[in-house]
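Each chain is listed here by its residues.
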Amino acid sequence: MVNTNPFIAQPPKEVPLQNAPLIRVIAQVIFPCILSMEDKEFVRVFQEAIRENYPYLQPEQTQGFVFSPQGVVPTVPQITWRFVDKTETWRVSLAPNFLALETTVYSSRSDFLERLESLLIALKKSFHPNIDIIERFGMRYIDRLVGQNIDDLSSLVKPEIAGIATAGFREYIHQNINQSLFIIPDGGEQIIARWGLVPADTTFDPAAIEPFAESSWILDLDMSLSKKRDFSVEALMNEAKQFSERIYTFFRWAVTDEFLRRFGGEL
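Residues numbered from 1 in each chain as written. Predicted model: local features only at pLDDT ≥ 70, side-chain atom pairs only at ≥ 80, totals over all residues. Heavy atoms only, no water.

### What about the pattern of salt bridges?
For clarity, the cut-off: Criterion for a salt bridge: a side-chain nitrogen of Lys or Arg within 4 Å of a carboxyl oxygen of Asp or Glu. To qualify as a helix, a DSSP run of H or I must reach at least 4 residues; to qualify as a strand, a run of E must reach at least 2; elements of each kind are numbered from the N terminus. The rule is simple: take the accessible area with a 1.4 Å probe, protein chains only, and divide by the maximum for that residue type; under 20% is buried, over 50% is exposed, in between is partly exposed.
The final tally for this structure, using the stated rule, is 17 salt bridges. A salt bridge links Asp-111 to Arg-115; the shortest N-O distance between them is 3.7 Å. Separated by 4 residues within a single helix, Asp-111 and Arg-115 lie in helix α2 (residues 109-127), roughly one turn from each other. According to the relative accessible area criterion, Asp-111 is partly exposed, its value standing at 24%.

### Side note on α2
To be explicit about the condition: Take the residue count of a helix, subtract one, and multiply by 1.5 Å to get its expected span. Contacts between residues were defined by any pair of non-hydrogen atoms, one from each residue, lying within 4.5 Å.
Along its 19 residues, α2 runs 27 Å from first to last C-alpha, staying within 8% of the 27 Å computed at 1.5 Å per residue. Within α2, burial applies to Arg-109, Phe-112, Leu-113, Leu-116, Leu-119, Leu-120, Ala-122, Leu-123, Ser-126 and Phe-127. Tucked inside the fold, the buried residues of α2 contact β1 (22-30), α1 (40-50), β6 (90-95), β7 (98-103), β8 (133-146) and α6 (233-254).

### What to know about a nonpolar patch on the surface
Under the convention used in this document: Exposure above 30% relative accessible area and no salt bridge define the residues that can form patches, which grow by joining like charges within 9 Å and nonpolar side chains of Val, Leu, Ile, Met, Phe, Trp and Tyr within 5 Å. Methods summary: accessible areas were calculated by the Shrake-Rupley approach with a probe of 1.4 Å, and residue burial reflects only the protein chains presented.
A cluster of nonpolar residues, Ile-164, Phe-169 and Tyr-172, forms a patch on the protein surface that exposes about 360 Å² of accessible area. Tracing the backbone through its elements, the reader meets Tyr-172 in the loop between α5 (159-162) and β9 (176-183). Judged by its relative accessible area of 67%, Tyr-172 falls in the exposed class.

### Topic: the sheet that holds strand β11 (residues 216-230)
Rules: For two strands to count as paired, DSSP must find a minimum of two bridges between them. All axes here are fitted lines through C-alpha atoms, helices being fitted over the stretch that makes contact, and every angle between N-to-C directions spans 0 to 180 degrees.
Across the sheet, which stays open at both edges, the 9 strands sit in the order β2-β5-β6-β7-β1-β8-β11-β10-β9 with antiparallel pairing between neighbours. Pairing within the sheet leaves two strands with one partner each, and these edge strands are β2 (56-62) and β9. Between one strand axis and the next, the sheet turns through 15° on average, direction left out of account. The pairing of strand β10 (residues 190-198) with β11 spans 9 bridges and is classified as antiparallel. Looking across to β11, one finds that Gln-190 is bridged to Ser-224. The sheet strands contacting α1 are β2, β5 (78-84), β6 and β7, and the helix crosses β5 at an angle near 15°. Docked against the sheet, α2 engages β1, β6, β7 and β8, running at close to 155° with respect to β7.

See the structure below:
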């Protein structure tokens, strides 16, 4: 168990979990909107650069919403290009203002970062100088516990995280989602941590957390930096490494050694 301050402590050595409850990992780069990104000819070069690893193209019309004094107002629909691997467990999303990589079969930090780097290189080569500024970069790790693991929650996560979910009247709790925002000193990066009980067949984030057939307990860690800077593959990869290490440090602070053993870790 990591007992030191997770926001300044040195990242602990990774303990691979053979049966990790990690259901999704996402990395996203946001840049100024490029309207021509909806033109299939404009994205053709990018597709060719990644097609060997992500051969399936699934264009998707997406509808966004913004809050205004008049209420919730729909934005102009846009095309998001979805590139999927043969196993349909890795997906690359390219929209007029962002690139994202996500997976449901995360195996290691090094593997994920290697895939991310190859996509950033393809993005740089395909759209330079159209994309030369980055507005935001973020990474997100989502874990889900179900069944007996929820019953054993008090032995799997720290009391500060378990909270009311371990109370003797848990069967009366329909939903309990906690959210905390942490600002990292000096750099301005932020971590949004969400955790708690989610009822069956529901979700608090349809885009990232699919509803599950039974009630579950979620630990959702999202680290990002919103700051305009030059698009540099090397700089973004340094951020990606730093973010993944800091998220892991928080994760190791939040869970117990019993959690690691329960999901196949060797201490």
